[in-house]
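Architecture and fold: a report
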Amino acid sequence: MNNTHSNKKELSLEQREELLRALKARFEKNMNRHKGHEWAKVQAKLKANTKKLWSLSEMEETGGEPDVVGYDKKTGEYIFYDCSAESPKGRRSVCYDREALESRKEHKPKNNAIDMAAAMGIELLSEEQYRELQRLGDFDTKTSSWVKTPSDIRKLGGAIFCDRRYNHVFVYHNGAESYYGARAFRGSLTV
């Protein structure tokens, strides 16, 4: 995370404009992800919510390449997911949650997925959301991503992650305390 603004959770005008330019370019390049939606309406929502814009900046800075993947008609909110081809580079080598991190006696990772996501103001994708993302393209063909783990699995010490291999989405399990250089997490944000 960029420490120039991570404590304030605010972006300068210049940072906001730069982020909006990057988001607009990605939006226009990947219209298949959000057919029927207009950038002007998305941008209006973003400009009205600087806290969410800060979260998108955190997603961007850690390599997530956030983009609009849907629209919730009930709430009137746009749904953003991390759409980087591989699991975000700036979030790799993390275990699943704080409990898992504290359970490690040695070789502890620097952070955990759940706390990182919370600090960024986003949520881990669920398995269902991950599968939705995979319908929009081929993601995680060389990496994997932690996803929200059901509490009954987590209580037993496990956590789940997903990836795409052989043109198929796979769901796996691991000890929640494990971490790998090719595993991070993908997040979602509604604006």
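This text follows the structure it describes.
Summarised in this report is the structure supplied together with it. (Residues numbered from 1 in each chain as written. Predicted model: local features only at pLDDT ≥ 70, side-chain atom pairs only at ≥ 80, totals over all residues. Heavy atoms only, no water.)

In total, this model carries 14 salt bridges according to the counting rule given. Its salt-bridge partner being D115, residue R98 comes within 2.8 Å of it at the nearest N-O pair. Here R98, found in helix α4 (residues 98–103), pairs with D115, found in helix α5 (residues 113–120); they are 17 residues apart in sequence, far enough to count as distant. Its relative accessible area of 41% is what places R98 among the partly exposed residues. The class for D115 is partly exposed, based on a relative accessible area of 24%. (Salt bridge = Lys/Arg side-chain N within 4 Å of Asp/Glu carboxyl O. Helix = DSSP H or I, 4+ residues; strand = E, 2+ residues; numbered from the N terminus. Buried < 20%, exposed > 50% of the residue type's maximum accessible area, 1.4 Å probe, protein only.)

Running from amino to carboxyl end, helix α1 (residues 13–29) crosses helix α2 (residues 39–47) at an angle of 150 degrees, the nearest separation of the two axes being 11 Å. As summarised for this structure, α1 and α2 are arranged roughly antiparallel, according to the angle between their axes. For the element pair α1 and α2, the recorded crossing hand is right-handed. In this structure, α1 uses E17, L20, L23, K24 and F27 to contact α2, whose residues at the interface are W39, V42, Q43, L46 and K47. Considered class by class, the residues forming the contact of α1 with α2 number six nonpolar, one polar and three charged. (Axes fitted to C-alpha atoms, helices over the stretch in contact; angles between N-to-C directions. Parallel < 35°, antiparallel > 145°, perpendicular 65-115°, else oblique. Left-handed = near helix turned anticlockwise from the far one by under 90°. Contact = heavy atoms within 4.5 Å. Nonpolar A, V, L, I, M, F, W, Y, C, P; charged D, E, K, R; others polar.)

Okay, the nonpolar core next. Judged by nonpolar contacts, the single largest core of 33 residues is most densely connected at V42, L46, L56, F80, W146 and F185. Sorting the residues of this core by element identifies α1, α2, α3 (50–61), β2 (77–82), α4, α5 and β5 (158–165) as the ones contributing at least two each. Ignoring any residue separated from it by four or fewer positions in sequence, one finds F80 in contact with V42, L46, L56, P66, D67, V68, V69, G187, S188, L189 and V191. Grouped together as the second largest cluster of nonpolar side chains are eleven residues, L133, V147, C162 and V169 included. (Core = buried A, V, L, I, M, F, W, Y, C linked by side-chain atoms within 4.5 Å.)

With that settled, consider the environment of V69. Structurally, V69 is set in strand β1 (residues 66–72). Its relative accessible area of 18% is what places V69 among the buried residues. V69 sits 28 residues away from K41 along the chain, and the two C-alpha atoms are 14 Å apart. V69 has contacts with R33, I79, F80, Y81, C83 and L136, leaving out every residue within four places of it along the chain.

So, on to the sheet that holds strand β8 (residues 187–190). Within the open sheet, the four strands sit side by side as β1-β2-β8-β3. Their pairing is antiparallel. For this open sheet the edge positions go to β1 and β3 (123–124), each flanked by a neighbour on one side alone. The sheet contact formed by β3 and β8 spans two bridges and is antiparallel. Across the sheet, the residue bridging to L124 is G187, located in β8. Its contacts with the sheet put α3 on β1, β2 and β8, and the angle it makes with β8 is roughly 160 degrees. (Pairing = 2+ DSSP bridges.)

Now for α5. Those residues of α5 that fall on the buried side of the exposure criterion are A113, M116, A117 and M120. Buried positions in α5, seen along its axis, are confined to an arc of 95 degrees and lie on one side of it. Here α5 starts with a cap whose side-chain oxygen sits 3.3 Å from the backbone nitrogen of I114, and that cap is N112. A positive phi of about 80 degrees marks G121, the residue just after α5. (Arc of directions from axis to C-beta. Polar contact = N/O pair within 3.5 Å; in protein donor to acceptor, adjacent residues only side chain to side chain.)

Another point: the sheet that holds β5. Taken in spatial order, the four strands of this open sheet run β6-β5-β4-β7, and their pairing is mixed. Two strands lie at the open edges of the sheet, namely β6 (168–175) and β7 (183–185), each paired on one side alone. Sheet twist, expressed as the mean angle between neighbouring strand axes with direction ignored, is 35 degrees. In this structure, strand β4 (residues 144–146) lies alongside β5, joined through two bridges in antiparallel fashion. Within the sheet, the bridge partner assigned to W146 lies in β5 and is F161. Each of β4, β5 and β6 touches helix α6 (residues 127–134); the most contacted strand, β5, lies at about 10 degrees to it.

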